[in-house]
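The primary structure of each chain is shown beneath.
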Amino acid sequence: MNHTTATTRVLLVPELFDMVIQDMDQSTLTKAARVNKHWSGAALACLWESQVDLKPLFNLLATKGYELKDNKLVRESTLPLRSTLLTPSLHSTPYSTHVFKGLPTEQSWRRFFEYSRRIKSLRIDDTEERDTFLLDTFARLRPFHIGENGNLFPSLRSLRWTGATETSLLHRSVLFMHPGIRKFHVTLPSSYVHTLPGDALRQYVDHVIGRMPNIAHLAVIMKGYAAVVEPSVLQLIKGYTKTLETLEVPKYWTSSALIEILSSLPRFRNLQIRTSEKSVGVYDPARRFKPSLLPNVASWPSLEKLHLSAPYGEVTDFLRRNTLPPSVVELFIYTPRQE
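Quick caveat, the model's predicted, so the values are computed rather than measured.

K.L.:
Would you mind going over the layout of surface pockets with me for this structure?
P.N.:
Gaps between atoms show up when a probe of the same size as a water molecule is rolled over them. Its boundaries defined by the atoms lining it, the largest pocket holds a volume of some 680 Å³. In this structure, the largest pocket is lined by 31 residues; those nearest its centre are Asp125, Thr127, Thr162, Thr187 and Lys278. Elements with a minimum of two residues in the lining of the largest pocket: α5 (55-61), β5 (121-125), α8 (129-141), β6 (158-162) and β7 (183-187). The element that contributes the greatest number of residues to the lining of the largest pocket is α8, accounting for 4 residues. Among the residues making up the lining of the largest pocket, the classes are represented as 13 nonpolar, 7 polar and 11 charged.

In structure tokens:
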């Protein structure tokens, strides 16, 4: 190798090489992963760092392919294993309600861990029926002697979970939780729009706090009224009084009780409103916005951004009675449409 060219000298510096790798698209990263062991490790780390689909990992376990749950249709995996490993999103194929055909071997599980340990950000939508069967199979078969303390995703720092039901929250998402996670984004089941949550949601919150005790950035999303799930949301926030820095909720979820709790958290910096169509909060005129902050107590010790969603008159009255700290650099007020 000619070490005199500028390109070669750059690639010999690990920090510069990593910067170059991170700028590549997936197709180029796939080719880079085939150059040599040094290039492969860096390229695969980028390819697998953020995953929005678990199918590539499940492909590692289903080396014999998949079959429908009712066993009426069998479909063999048609992609070369090497190609599947190198390009997870380019070659991940939807399998509808397919499940593993044959039990994964010890070698398959070790290969699974080899790649799952590279994942730092994971997004799972449990409302997809085709994923539900695979998740249940994974939960039933996963070995506890492989991984770090039984955890197959030791590098995971950000988890986004969309739950289909209370049961799916309680029995599936806990498979991916561990103390290393710092960002947690949970979309609660849409069924709560019409019915009150049961005991399973409170149990789930206990699992979240117990298994992920170091959450700094939390997002709780659901269409509908805040009052329906507020007790569980407040329970979750109280579990992170020492670590929580950022909270994201839908519009009209910034209730009096929520503001009272957040104002006392020592590290809390940002309260933000999610305004997307998938998380439409509903304004309830019966719930007045009148937080009562503790007198003679320094509220919002670290606050930087504050987004409030309530009638303008109630918000301005709150701001007159409670002075915000000079650290605040951003204030948004979302008012009901009739105003």
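Having seen the structure, we can now continue with the description.
K.L.:
Any chance you could explain the pairing of strand β10 (residues 270-274) here in plain terms?
P.N.:
Looking down a regular strand, the side chains alternate between one sheet face and the other. Both strand β9 (residues 246-250) and β10 contribute to a ladder of 5 bridges, which runs parallel. Bridged to Glu248 within β10 is Gln272. With helix α12 (residues 256-262) bridging β9 and its parallel neighbour β10, the resulting β-α-β unit is right-handed. As paired strands, β10 and strand β11 (residues 305-309) are joined by 2 bridges and run parallel to one another. Bridge pairing in β11 places Leu271 opposite Leu306.

K.L.:
Can you walk me through the packing of helix α10 (residues 199-211) against helix α11 (residues 226-238) in this structure?
P.N.:
Between α10 and α11, the shortest axis-to-axis distance is 9 Å and the interhelical angle comes to 15°. When the interaxial angle is binned, α10 and α11 end up roughly parallel. Classified by chirality, the crossing of α11 by α10 is right-handed. From α10, Leu201, Arg202, Val205, Asp206, Val208 and Ile209 reach across to α11, where they touch Val229, Ser232, Gln235 and Leu236. In terms of residue class, the contact of α10 with α11 is built from 6 nonpolar, 2 polar and 2 charged.

K.L.:
Where do I start with the confidence of the model for the protein in this structure?
P.N.:
Where the model shows low pLDDT, its predicted coordinates should not be examined in detail. Mean pLDDT for the protein: 83, with 83% of residues reaching 70 or above. Confidence drops under pLDDT 50 across residues 71-96; counting only partners more than four residues distant or on other chains, this segment forms 54 contacts.

K.L.:
Explain the packing of aromatic side chains here, please?
P.N.:
Remark: the centre distance and the inter-plane angle together describe each pair of aromatic rings, the angle taken between the planes. Enumeration over the complete set of coordinates arrives at 12 aromatic pairs. Consider the rings of Phe58 and Phe138, whose centres lie 5.9 Å apart with planes at 70°: the pair is edge-to-face. Here Phe138 lies in helix α8 and Phe58 lies in helix α5, a separation of 80 residues in the sequence. Accessibility classification places Phe58 together with Phe138 in one group, the buried group. Above the ring of Tyr115, the side-chain terminus of Arg118 is found at 5.4 Å from the ring centroid.

K.L.:
Whenever I open this one, empty space enclosed by the protein confuses me. Can you help?
P.N.:
Tallied over the full model, the rule gives 4 cavities of 30 Å³ or more. For the largest cavity, the calculated volume is near 80 Å³. Around the largest cavity, the lining residues are Val186, Leu188, Leu201, Tyr204, Val205, Val208, Val220, Ser232, Val233 and Leu236. Listing elements by their share of the lining of the largest cavity, those giving two or more residues are α10 and α11. Take the lining of the largest cavity: its biggest share by element is 4 residues, from α10. Of the residues assigned to the lining of the largest cavity, the class counts are 9 nonpolar, 1 polar and no charged. Considering each element in turn, the lining of the second largest cavity owes the most residues, 5 residues, to α11. The class makeup of the residues in the lining of the second largest cavity is 6 nonpolar, 1 polar and 1 charged.

Procedures and definitions
- Residues numbered from 1 in each chain as written.
- Predicted model: local features only at pLDDT ≥ 70, side-chain atom pairs only at ≥ 80, totals over all residues.
- Heavy atoms only, no water.
- 1 Å grid on protein atoms, 1.4 Å probe; cavity = no way out; pocket = protein on both sides within 12 Å on 5 of 7 lines; lining within 4 Å.
- Points joined across faces, edges and corners; volume = space filled by probe spheres on them.
- Helix = DSSP H or I, 4+ residues; strand = E, 2+ residues; numbered from the N terminus.
- Nonpolar A, V, L, I, M, F, W, Y, C, P; charged D, E, K, R; others polar.
- Pairing = 2+ DSSP bridges.
- Right-handed = clockwise from strand over helix to strand, strands pointing away.
- Axes fitted to C-alpha atoms, helices over the stretch in contact; angles between N-to-C directions.
- Parallel < 35°, antiparallel > 145°, perpendicular 65-115°, else oblique.
- Left-handed = near helix turned anticlockwise from the far one by under 90°.
- Contact = heavy atoms within 4.5 Å.
- pLDDT = per-residue confidence, 0-100.
- Phe/Tyr/Trp six-rings, centres within 6.5 Å; stacked < 30°, edge-to-face > 60°.
- Buried < 20%, exposed > 50% of the residue type's maximum accessible area, 1.4 Å probe, protein only.
- Lys NZ or Arg CZ within 6 Å of the ring centre and 35° of its normal.

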